[in-house]
Amino acid sequence: MRQPILSIYFFLGLISSFYLHAQTKDKGSLKLQYDTPADARVWEQALPIGNGRLGAMVYGIPDKEELQLNEETIWGGGPYRNDNPKGGSNLKNIQQLVFEGKSPEADKLINETFFTKTHGMPYQTAGGVLLNFEDHKNFQNYYRELDIEQAKATTRYVVDGVTYTREVISSFSDDVIVMKISASKKGALNFELSYKNPAQHSIYAKDNALVLQGKGSDHEGIKGEIVYHTLSSVKNVDGTVVIDDSKIQVKNASTAVVYISIGTNFTNYKSVSADGYKKALEKLNKAKAAKFEESLAKHSKLYYAQFGRFQLDLGKHNESSTISTTERIRQFQQTQDPALVTLLTQYGRYLLICSSQPGGQPANLQGIWNNSLTPPWDSKYTININTEMNYWPAEVTNLSETHKPLIQMTKELSESGKETAKVLYNAEGWVAHHNTDIWRVTSPIDFAAAGMWPTGGTWLAQHVWEHYLYNGDKKYLKEVYPILKSASDFLLSTLIPHPKHTDKGWMVLSPSISPEQGPMSAGVTMDNQLVYDMLTRTTIANEILNEDIAYREKLLAMAKRIPPMQVGKYTQLQEWLEDVDDPKNEHRHVSHLYGLYPSNQISAYTTPELFEAARNSLVYRGDFATGWSIGWKVNLWARLLDGNRAYKIINNMLTLADRENRNGRTYPNMFTAHPPFQIDGNFGLTAGVAEMLVQSHDNAVHLLPALPDAWKKGSVKGLMARGGFEIDMQWSDSKVQTVKVLSKIGGNLRLRSHVPLTGKGLKEAHGTNPNILNNRIEVPKPLVSPQAQIKGSDLKKIYEYDIPTVAGKSYSFTIVK
Ligand code: FUC
């Protein structure tokens, strides 16, 4: 059966390729394009637009258009906490059970005393705006696109010889959604606008707009307190517009502009007192006063100011811009179209810009795009990998400001997590577990085997530090130092001696798990790595800011007592303190490899045993996985300096996810599939491609560390390295040819390259890199099992250079021929 289906698709693909070729005069390569509307039942065929706060999925259906709407603060429940008061008094018993190896008993007691009946509130859809065009069923010459250089979706088709065009943006300048609809024949435009909404709501006409008032759901005993107002209004040039209490009717117009504004009563995680209606109305009226073309220009300019900073060219494929995006994904395994990888990489940046802007909420499991009241995993913040992964591309692909909502959330968790630290652990500082939501809850959720993980906040705090490494802003560091210090305070007061390792003085966290698998444990590898990072990075921050020396010494003394990483009997990096890994385990979480990426505790050049062991662990885990796990593995293979293997993993992502292939990982709209849709895969992939081109975690700025054979020639502009270095680079014959580095904050630039370089001021490197912003923190030597056979890695030769730089100056280098 499969063969005929495939060939029909191939045939359809050919037709569409001719058609799109005729349609796309402007062959911008950064577009998603299609020759059919989205199927109304398949949300992953609709195209996402967003301005950080307001999102819409655009179906592009001629007779029944739908804009599925989202606003980032529409969540179930209201301000609440989830701390179980029984926790603190049971902690010691639980720890005892863990040390005795009684994991099931520990689980039971944890479930009873650390958990409550609430497991996080859901992020919820705002419903949709429907546009009914009675007589547009029989259309021809159909085309739709998402232009990610302009952040605009366009739909175009012909009915009875009249061309209809719809252009829609989620405006960065006006903070409303705007859709211009035009007909090529005067007076030919007739449509009706109405709402659909699955939540409790009412609809009425007011202030020259059609208003929908909706509310967030009650959930798990927490009352829904979010109230939102969606205001829709139409501005026409000619024809008539009539609003009643259920719809807006537009007749005999040539052009009409639809405005959609949403406001909620959300103020912050502790309060819901804002006047959402007023905010929405003000924005609506302001937006309506301007001409569409002017608003569009302002919007695209603001968007492009972020998007345009990073440019990528991995090579072209014949005709790649002339067939539909769905077909390009379907054919990728044959074509290996490098421009599709470029598009997917840039699409990750598009999605980050459109779902995460300063002053707003961080991107959740689906960014801001969600069509349900009960989305998978509540579409909240899973902070044992997924939320962090969302932000992996932020700094390196030159979108530092998109990182700010995550840093703000971490700050808020550092406030709300203090109570949890006290109630559950009798501890100082702050803690967060494996999930949180808009109300910034910090106690564990779900059940012990998934939620009993006390280092969610520790991981988020690393982002606060990384932001500093890329920008070197001491004022910022001073502002956020209390978040880091308080996260370290929690560790200092909860680390306990491991009774089996008193001889070595090891201090561990307990109870905990290696995310989402294995027994209830003490001293799991990922926790040890996170704790080590937290304590040592707080130490450096303390030193840079000239803070209290005694505290610094306390941190360092504790860091020395964290168990070092261990190489087990299968020459693997141990996931637990005990050598119990199963080499057949293909679990999607690769938590112990946190030390390799995103952290920098494992290096080919300074910890070769760990490097080798990490590679073996990753080989055991396999190459295929859920979307986000694929995203992680691209980064991990890049850090293992194996470009071809990273590229193989990219191939696993670029498989079409549709009804024919449940194992596909990229939907027609280029959202990646867990499955179901989860946005972290997109972000992980974007970060991974950047990591293949430049790395800056290991004492140097390493050029082309993991270039695959498939990308022999290419260029990148605006890629950021730690230390505030902005890199433009061209390569051919798989070798760097020219590099230009803009130093944003000055300091020593140490370059690592696989070819000799030359340039004014460039000297061979000696000793340690004096620039601490891209230096690795030394980790203690690993413990290696006597059974482990360390082979030693086959590394490509490297050349290292130093050049002192001045802030604001650019430096150019070329290959020595
Ligand atoms: C973690 C992962 C799942 C999923 C969920 C949202 O629990 O283990 O695969 O991504 O987060």
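Treat the numbers as computed from the prediction; the structure is a model and nothing was measured.

## With respect to the site of the ligand
Inference 1: Around the ligand lies a shell formed by Leu365, Trp377, Thr382, Asn386, Glu516, Arg588, His589, Trp628, His674 and Gln678.
Inference 2: The side chain of Trp628 places a nitrogen or oxygen atom 2.9 Å from an oxygen atom of the ligand.
Inference 3: Between Gln678 and the ligand, the recorded distance is 2.9 Å, taken from a side-chain N or O atom to an oxygen atom.
Inference 4: Alone, the ligand offers 280 Å² of accessible surface; in the complex the protein occludes 97% of this.
Inference 5: The residue inventory of the shell around the ligand, partitioned by class, reads three nonpolar, five polar and two charged.

## Quick notes on the side chain of Asp623
Inference 1: With respect to the secondary-structure elements, Asp623 resides in the loop between helix H16 (608–621) and helix H17 (627–639).
Inference 2: Within the structure, Asp623 has its side chain in polar contact with the side chain of Arg645 (distance 3.1 Å).
Inference 3: Among the polar contacts listed, one links the side chain of Asp623 to the side chain of Lys648, at a separation of 2.5 Å.
Inference 4: Excluding residues that lie within four positions of it along the chain, Asp623 makes contacts with Ile630, Lys633, Trp637, Arg645, Lys648, Ile649 and Asn652.

## Overview of the packing of helix H14 (residues 525–544) against helix H15 (residues 549–559)
Inference 1: Relative to each other, H14 and H15 sit at 155 degrees, their axes nearing to 9 Å. Relative to H15, the element H14 is oriented roughly antiparallel. H14 and H15 meet at a crossing whose hand is left-handed. Contact residues: Tyr532, Leu535, Thr536, Thr538, Thr539, Asn542 and Glu543 in H14; Tyr551, Arg552, Leu555, Leu556, Met558 and Ala559 in H15.

## Things to note about the sheet that holds strand S11 (residues 201–206)
Inference 1: If you walk across this open sheet you meet the nine strands as S1-S6-S7-S8-S9-S16-S13-S12-S11, and the pairing is antiparallel. Each end of this open sheet is capped by a strand with a single partner; those strands are strand S1 (31–34) and S11. When the angles between neighbouring strand axes are averaged without regard to direction, this sheet yields 15 degrees.
Inference 2: Strand direction decides the pairing type here: strand S13 (residues 227–236) and strand S16 (residues 255–264), joined by nine bridges, are antiparallel. In the strand pairing of S16, Asn236 is matched with Ala256.

## Observations concerning the UniProt feature "domain: Glycosyl hydrolase family 95 N-terminal" (unreviewed entry) in the protein chain
Inference 1: The positions that UniProt labels "domain: Glycosyl hydrolase family 95 N-terminal" (unreviewed entry) are, in the present scheme, residues 32–268.
Inference 2: In this annotation, residues 32–268 is assigned 10% helix and 46% strand; the end-to-end C-alpha distance for the span is 36 Å.

## Details of the domain arrangement of the protein chain
Inference 1: We note that the domain assignment places domain 1 (8–76 + 125–307) and domain 2 (94–117 + 380–563) within the protein chain.
Inference 2: For domain 1 versus domain 2, the separation of C-alpha centres amounts to 41 Å.
Inference 3: Across the contact, 12 residues belong to domain 1 and 14 residues belong to domain 2.
Inference 4: Here domain 1 meets domain 2 over a buried area of about 1,000 Å², counting both sides, of which 68% is carbon and sulfur.
Inference 5: Of all residues in domain 1, the largest losses of buried area upon contact with domain 2 belong to Trp75, Tyr269 and Gln306, amounting jointly to 72% of the total for that side.
Inference 6: Our enumeration of links across domain 1 and domain 2 arrives at zero salt bridges.
Inference 7: One can count two residue pairs in polar contact (both at pLDDT 80 or more) joining domain 1 with domain 2.
Inference 8: A breakdown of the residues in the side of domain 1 that touches domain 2 according to their chemical character gives five nonpolar, four polar and three charged.

## Concerning the pattern of salt bridges
Inference 1: Under the counting rule described, the total for this entry stands at 44 salt bridges.
Inference 2: The residue Asp39 makes a salt bridge to Arg41 at a minimum N-O spacing of 2.7 Å.
Inference 3: Judged by its relative accessible area of 69%, Arg41 is exposed.
Inference 4: Salt bridges linked by common partners bring Arg53, Glu71, Asp175 and Lys283 together as one network.

## Quick word on the sheet that holds strand S4 (residues 64–71)
Inference 1: Reading across from one edge, S2-S3-S4-S5-S10-S15-S14 is the order of the seven strands in this open sheet, with antiparallel pairing throughout. The strands lining the two open edges of the sheet, one partner per strand, are strand S2 (47–50) and strand S14 (240–243). Across the sheet, the axes of successive neighbouring strands diverge by a mean angle of 20 degrees, strand direction being ignored.
Inference 2: Pairing between strand S10 (residues 189–196) and strand S15 (residues 248–253): four bridges, direction antiparallel.

## Considerations on the pairing of strand S6 (residues 140–147)
Inference 1: Burial runs high along S6: six of the eight residues are buried.
Inference 2: With four bridges joining them, S1 and S6 adopt antiparallel strand pairing. Looking at S6, one finds that Leu32 is bridged to Leu146.
Inference 3: Bridge count between S6 and strand S7 (residues 152–159): six bridges; the pairing is antiparallel. Each bridged residue has a counterpart across the sheet, and for Gln140 the counterpart in S7 is Val158.
Inference 4: The hairpin turn running from S6 into S7, its antiparallel successor, is four residues long, and Ala151 in that turn takes a positive phi close to 55 degrees.

## Observations regarding the nonpolar core
Inference 1: Ile148, Tyr350, Trp632, Leu693, Leu703 and Met729 are the most contacted members of the largest nonpolar core, which totals 237 residues.
Inference 2: Counting contributing residues, this core receives three or more from each of domain 1 (8–76 + 125–307) and domain 2 (94–117 + 380–563).
Inference 3: Sequence-distant contacts of Ile148, defined by excluding residues within four places in its chain, comprise Leu30, Leu32, Tyr303, Phe307, Leu343, Gln346, Tyr347 and Tyr350.
Inference 4: By size, the runner-up hydrophobic cluster in this structure holds 15 residues, among which are Val176, Tyr259, Leu284 and Ala287.

## Section: the confidence of the model for the protein chain
Inference 1: Counting all residues, the mean pLDDT for the protein chain is 95, and 96% of those residues have values of 70 or more.
Inference 2: The low-confidence segment residues 1–27, where pLDDT is below 50, has 34 contacts with residues more than four positions distant or belonging to other chains.

## Considering the packing of helix H5 (residues 292–307) against helix H7 (residues 338–355)
Inference 1: Across the interface, H5 lies against H7 with an axial gap of 10 Å and an inter-helix angle of 125 degrees. With respect to their mutual orientation, H5 and H7 come out oblique. Crossing geometry of H5 relative to H7 is assigned as right-handed. Here Tyr303, Gln306 and Phe307 of H5 lie close against H7, whose contacting residues are Gln346, Arg349, Tyr350, Ile353 and Cys354.
Inference 2: Here the contact of H5 with H7 is built from residues that sort into five nonpolar, two polar and one charged.

## Concerning the pairing of S7
Inference 1: With seven of eight residues buried, S7 is to be regarded as a mostly interior element.
Inference 2: Summarising the sheet, S7 and strand S8 (residues 162–170) pair through seven bridges and their orientation is antiparallel. For Tyr157, the partnering residue across the bridge sits in S8 and is Tyr164.
Inference 3: What sits between S7 and S8 in their antiparallel hairpin is a turn of two residues, with Asp160 showing a positive phi close to 50 degrees.

## A look at helix H13 (residues 474–494)
Inference 1: With 21 residues, H13 extends 29 Å between its outermost C-alpha atoms, agreeing within 8% with the 30 Å of an ideal straight helix rising 1.5 Å per residue.
Inference 2: By the largest-angle criterion, Val480 marks the main kink of H13, which is about 45 degrees, and a proline, Pro482, follows within four residues.
Inference 3: The N-cap residue of H13 is Asp473: its side-chain oxygen and the backbone nitrogen of Lys475 are 3.0 Å apart.

## So, helix H6 (residues 325–335)
Inference 1: Among all positions in H6, only Thr325, Thr326, Glu327, Arg328, Ile329, Gln331 and Phe332 are buried.
Inference 2: Directly after H6, the chain includes Gln336, whose backbone phi takes a positive value near 55 degrees.

Conventions we followed
- Residues numbered from 1 in each chain as written.
- Predicted model: local features only at pLDDT ≥ 70, side-chain atom pairs only at ≥ 80, totals over all residues.
- Heavy atoms only, no water.
- Near = heavy atom within 4 Å.
- Polar contact = N/O pair within 3.5 Å; in protein donor to acceptor, adjacent residues only side chain to side chain.
- Areas by Shrake-Rupley, 256 points an atom, 1.4 Å probe, with all protein chains shown as cover.
- Nonpolar A, V, L, I, M, F, W, Y, C, P; charged D, E, K, R; others polar.
- Helix = DSSP H or I, 4+ residues; strand = E, 2+ residues; numbered from the N terminus.
- Contact = heavy atoms within 4.5 Å.
- Axes fitted to C-alpha atoms, helices over the stretch in contact; angles between N-to-C directions.
- Parallel < 35°, antiparallel > 145°, perpendicular 65-115°, else oblique.
- Left-handed = near helix turned anticlockwise from the far one by under 90°.
- Pairing = 2+ DSSP bridges.
- UniProt positions renumbered as here; feature names shortened; annotations may be inferred.
- Domains from an automatic or database assignment.
- Buried area = accessible area lost by both parts, 1.4 Å probe.
- Salt bridge = Lys/Arg side-chain N within 4 Å of Asp/Glu carboxyl O.
- Buried < 20%, exposed > 50% of the residue type's maximum accessible area, 1.4 Å probe, protein only.
- Core = buried A, V, L, I, M, F, W, Y, C linked by side-chain atoms within 4.5 Å.
- pLDDT = per-residue confidence, 0-100.
- Expected span 1.5 Å × (residues − 1).
- Bend = angle between axes of the 7 residues up to and from the residue.

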